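Fold and geometry: a report
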Amino acid sequence: MGISRMKKFQFLLLDAGPIIKLFELNIWVDFVKRCDVTICRTVANQAKYASQEFEDIRVDLEPFEEEGLIKIFDSEPSVNKAFYEKFSERYKAIIHDGEKQMLAYLCDSSENWLVCSADGAIFRVLGLLGRIEQGISLEEILEKIGLSQSNLEWEYTKKFCEKYTRMGQVDSIQDKGLL
Amino acid sequence: MDIGRKLKIARDAIGYTQEKAALESGIGKSSICEFEKSKREPKFSQLSRLAEVYRKTIDFFLSDELPIENLMLWRDAPSIEEEIKQTEAEFRQLCKQYHMLEILTGEARKAKLPEPDVNKAEDFTFERAESFARKVQNELCLGDIPSASLKRVLEERYFVKIFHLSFIGSAISTVSVEFGTAILLNAKNKPWRRNYDLAHELFHLFTWNIYRNNHKQDILPTPDEEKFANAFASKLLMPEDSLRQRIDLRKNKQGQISLVQLDEIAREFSVSLDALVYRIANLFRIKKEDTEKYLDVAKRLAESHKPRGSDKPDKLPERYCSLAIRALNEGKLSLMQFAKYMDMNYRQAREYLTEDGDFKDEKISISVT
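Basis of the calculations
- Residues numbered from 1 in each chain as written.
- Chains lettered and ligands numbered in written order.
- Predicted model: local features only at pLDDT ≥ 70, side-chain atom pairs only at ≥ 80, totals over all residues.
- Helix = DSSP H or I, 4+ residues; strand = E, 2+ residues; numbered from the N terminus.
- Rg over C-alpha atoms; globule rule 2.2 N^0.38 Å.
- Buried ≥ 20, exposed ≤ 12 C-beta atoms within 10 Å, placed from the backbone.
- Contact = placed C-beta atoms within 7 Å.
- Nonpolar A, V, L, I, M, F, W, Y, C, P; charged D, E, K, R; others polar.
- Domains from an automatic or database assignment.
- Axes fitted to C-alpha atoms, helices over the stretch in contact; angles between N-to-C directions.
- Parallel < 35°, antiparallel > 145°, perpendicular 65-115°, else oblique.
- Left-handed = near helix turned anticlockwise from the far one by under 90°.
- Pairing = 2+ DSSP bridges.

1. Some thoughts on the overall build of chain A
- Regarding its fold elements, chain A presents 11 helices and 5 strands.
- Taking 16 Å as the expected radius of gyration for a compact globule of 179 residues, we find that chain A reaches 16 Å, a close match to that expectation.
- Overall, chain A is about 40 × 40 × 35 Å in size when its C-alpha atoms are taken along their principal axes.
- Expressed as a percentage of the 179 residues in chain A, the buried residues total 48%.
- The contacts in chain A between residues at least 6 apart in sequence include a share of 72% that link residues at least 24 apart.

Right under this line is the structure:
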């Protein structure tokens, strides 16, 4: 039996915020052992760049990729173009490039991916797209894999995820955001 | 238009060679060359990196349309073309971000700017520039000391986008169909110099349709237009009545006023002593050779002024930051995007997230009917 078959989350896309937080909490290694993590290249670059501001955290995902503990993918701009063209001008500006790549990948795939983010805008887009069950907070994942943490900041909580998903759902009901 | 062609356009617009683009982006020069010739397409992450280096959004490359870049009017432009392009690229990026924040928060508003009573550029005179300055002072309710409120009124009531960057040159103004009116000031300049530049550039904004109508979009300012803009700036910042009042208060029995006292008046109006001397020379019809003598002493006096901490302006306008924080907390801007817009790092950006950050709920709205 391969290691990946024992993992809890098989189709998990991680955004930069949770990646940095997991390094900050010093549980990244445990996390990737328990979850099947996939990251898009732009998010990996962002996480690496953003972590340079932290004195005690260095996010270097390459060794984990080389060891096969995580997967990092890049995509063709045409995949993102098709995704991007669905949105109104306002929604196009909401998310950053890495998140655009991640969500385009999720929408293009037939697998039931989960996105773990600490970003209201990501959950809002998922709510708008009617993919509410595909957004998950870091708090929920950590609970499910037995790595629960107390005092997680607001942006990593289930409440945060729900709040912004709801906002996207409201936009969807009001027919805002999609062309 | 394909991505390769747009990559070339974007690189040219910022004035980078392929070597410089490779150095800045960390992507090999040969790859950049192949992308531009459409021999192969960049991966999304490479395109994202190049968009960042070229100060464009990824949407610029993914969209089928090619936006038309608007004219930028320079005051004291540098002689090096690359300097001009890089400053314009940064300024344009900030203006577009500002406009996007306005759209995201539902605050994209337009206000009619004051217009001079002149329809053609040929009809402009110094007298008309002066009467227009008075009109602007009244319409904008700038009061006795216009410099004290000019910038704020322009930003908050007329939605002019005003940024400060450190660059070679004094100022830039532009009017765009996409993002509206905008002015860039040099953060390295002293406050009085920036005030003067702001008033000068304002003349260009207010008279944009007269000097640059639809048929003459690319017209650069003529020497006459620049002189009228200076006259307008001088009269706007130092209104005759308030200036005469300050002088009357300080002049001696012989009707004379010392340069030290003039320096005090210049400080109060937040203009340079030079500008005040010119204004007084014009107001009291002082001979050219005498004016030059005063200017010489004024220069030496100005050298004794030490810079103050408050002289350094913020790069981003207050309204811009306020809209960005709102957009973040309403889930209308991702944290990474917020950090980029606010020119801060990820850690600093995280501190702006608050649990009760969304105050749009109607339950806590105040009735004002």
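2. A short note on the overall build of chain B
- Within chain B, the regular secondary structure consists of 18 helices and 4 strands.
- Projected onto its principal axes, the C-alpha coordinates of chain B cover approximately 80 × 55 × 45 Å.
- A separation threshold of at least 6 residues defines the contact pool for chain B, and within that pool the share at least 24 residues apart is 66%.

3. Focus on the interface of chain B and chain A
- Taken together, the contacts link 26 residues of chain B with 38 residues of chain A.
- Going through the elements one at a time, α4 (44-53), α5 (58-62), α6 (81-104), α17 (335-341) and α18 (346-350) of chain B are the ones with two or more residues in the side of chain B that touches chain A.
- Of the residues that constitute the side of chain B that touches chain A, the class distribution is 14 nonpolar, 6 polar and 6 charged.

4. Quick notes on the domain arrangement of chain B
Residues and elements named next belong to chain B.
- Along its sequence, chain B is carved into domain 1 (1-67) and domain 2 (70-369).
- Of note, the centres of domain 1 and domain 2, computed from C-alpha atoms alone, are 34 Å apart.
- Taken together, the 5 residues of domain 1 in the interface contact 8 residues of domain 2.

5. Thoughts on the packing of helix α9 (residues 120-128) of chain A against helix α11 (residues 158-173) of chain A
Residues and elements named next belong to chain A.
- Following both chains from N to C, one finds α9 and α11 inclined at 40°, their axes separated by 6 Å at the closest point. With respect to each other, α9 and α11 are oriented oblique. Considering only the axes of α9 and α11, their crossing is right-handed. Taking contact as the criterion, the partners of Gly-120, Phe-123, Arg-124, Val-125, Leu-126, Gly-127 and Leu-128 in α9 are, on α11, Cys-161, Tyr-164, Thr-165, Arg-166, Met-167, Gly-168, Gln-169, Asp-171 and Ser-172.
- A class-by-class count of the residues in the contact of α9 with α11 yields 7 nonpolar, 6 polar and 3 charged.

6. Section: the sheet that holds strand β1 (residues 73-75) of chain B
Residues and elements named next belong to chain B.
- An order of β1-β3-β4-β2 is seen for the 4 strands of this open sheet, with the pairing classed as mixed. Two strands lie at the open edges of the sheet, namely β1 and β2 (161-165), each paired on one side alone. On average, adjacent strands in this sheet sit at an angle of 15° to one another, irrespective of strand direction.
- Note: strand β3 (residues 171-176) against strand β4 (residues 180-186), 6 bridges, orientation antiparallel. In the sheet register, Ser-173 faces β4, and the bridge partner there is Ile-183.
- Relative to β2, α6 is tilted by about 140°, and along the sheet it contacts β2, β3 and β4.
- Contacting β1, β3 and β4, helix α9 (residues 191-206) runs over the sheet at an angle of about 155° to β4.

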